[in-house]
Amino acid sequence: MEILDQTDLKILRILQKNAKLTTKEIADQLHLTASPVYERVRRLEKKGYIKNYVAILNKKKLNRPVTAICMVSLRYHNEGFIDTFEHQIKELIEVQECYHMAGKVDFFLKIHLESLEEYHEFVRTKLSKIQNIGVLESYFVLKEIYNTTTIAF
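The sections below set out a description of the structure shown in this document. (Residues numbered from 1 in each chain as written. Predicted model: local features only at pLDDT ≥ 70, side-chain atom pairs only at ≥ 80, totals over all residues. Heavy atoms only, no water.)

**Details of helix α3 (residues 34-46)**
Turning to step 1, where the next piece is worked out: Its 13 residues give α3 an end-to-end C-alpha distance of 18 Å, which sits within 8% of 18 Å, the value for a rise of 1.5 Å per residue.
Turning to step 2, where the next piece is worked out: On its buried face, α3 is in contact with α1 (6-17) and α2 (23-30).
Turning to step 3, where the next piece is worked out: Just downstream of α3 lies Gly48, where phi reads positive at about 90 degrees. (Helix = DSSP H or I, 4+ residues; strand = E, 2+ residues; numbered from the N terminus. Expected span 1.5 Å × (residues − 1). Contact = heavy atoms within 4.5 Å.)

**Re the side chain of Asp106**
Turning to step 1, where the next piece is worked out: Its place among the elements puts Asp106 in the loop between β2 (95-100) and β3 (107-113).
Turning to step 2, where the next piece is worked out: Although Asp106 is buried, it forms no salt bridge, and the closest oppositely charged side chain is Arg75 at an N-O distance of 10.0 Å.
Turning to step 3, where the next piece is worked out: At a separation of 2.8 Å, a polar atom in the side chain of Asp106 contacts the side chain of His77.
Turning to step 4, where the next piece is worked out: Once you skip the residues sitting within four places of it in the chain, Asp106 turns out to touch Val72, Ser73, Leu74, His77, Tyr99, His100 and Met101. (Buried < 20%, exposed > 50% of the residue type's maximum accessible area, 1.4 Å probe, protein only. Lys, Arg positive; Asp, Glu negative; His and termini not counted. Salt bridge = Lys/Arg side-chain N within 4 Å of Asp/Glu carboxyl O. Polar contact = N/O pair within 3.5 Å; in protein donor to acceptor, adjacent residues only side chain to side chain.)

The following block contains the structure:
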């Protein structure tokens, strides 16, 4: 794995906070010229340290105030069943995050919805159509205390 120097790490920290900054604005913060900062950002993108630039949306303003956490346990655990589940879950646009877990459950799903009724319909008409789900436990967020997209390093 490539070792990043302190300037690369500073650039990544700056971009995590605000990816809309121009190269010149980043360079000003680092007391550098724009050209080497531009080259560093492009290298970080090319090497995969920067995966994407996105806008983080306000779920409440988009009428998605309900956050459901689904813990899914599969009936069978061979590679084919796991691969099939992973492929099928990616097709469900409601699922924002999916993690294959170690422990009592197999998968952790995070879903943002308009209402509990919408969640009920999602489970009834979409999630239940995925074969091999043995147990589904649902939890609902009462209050979001803290949420960040920042990776500490």
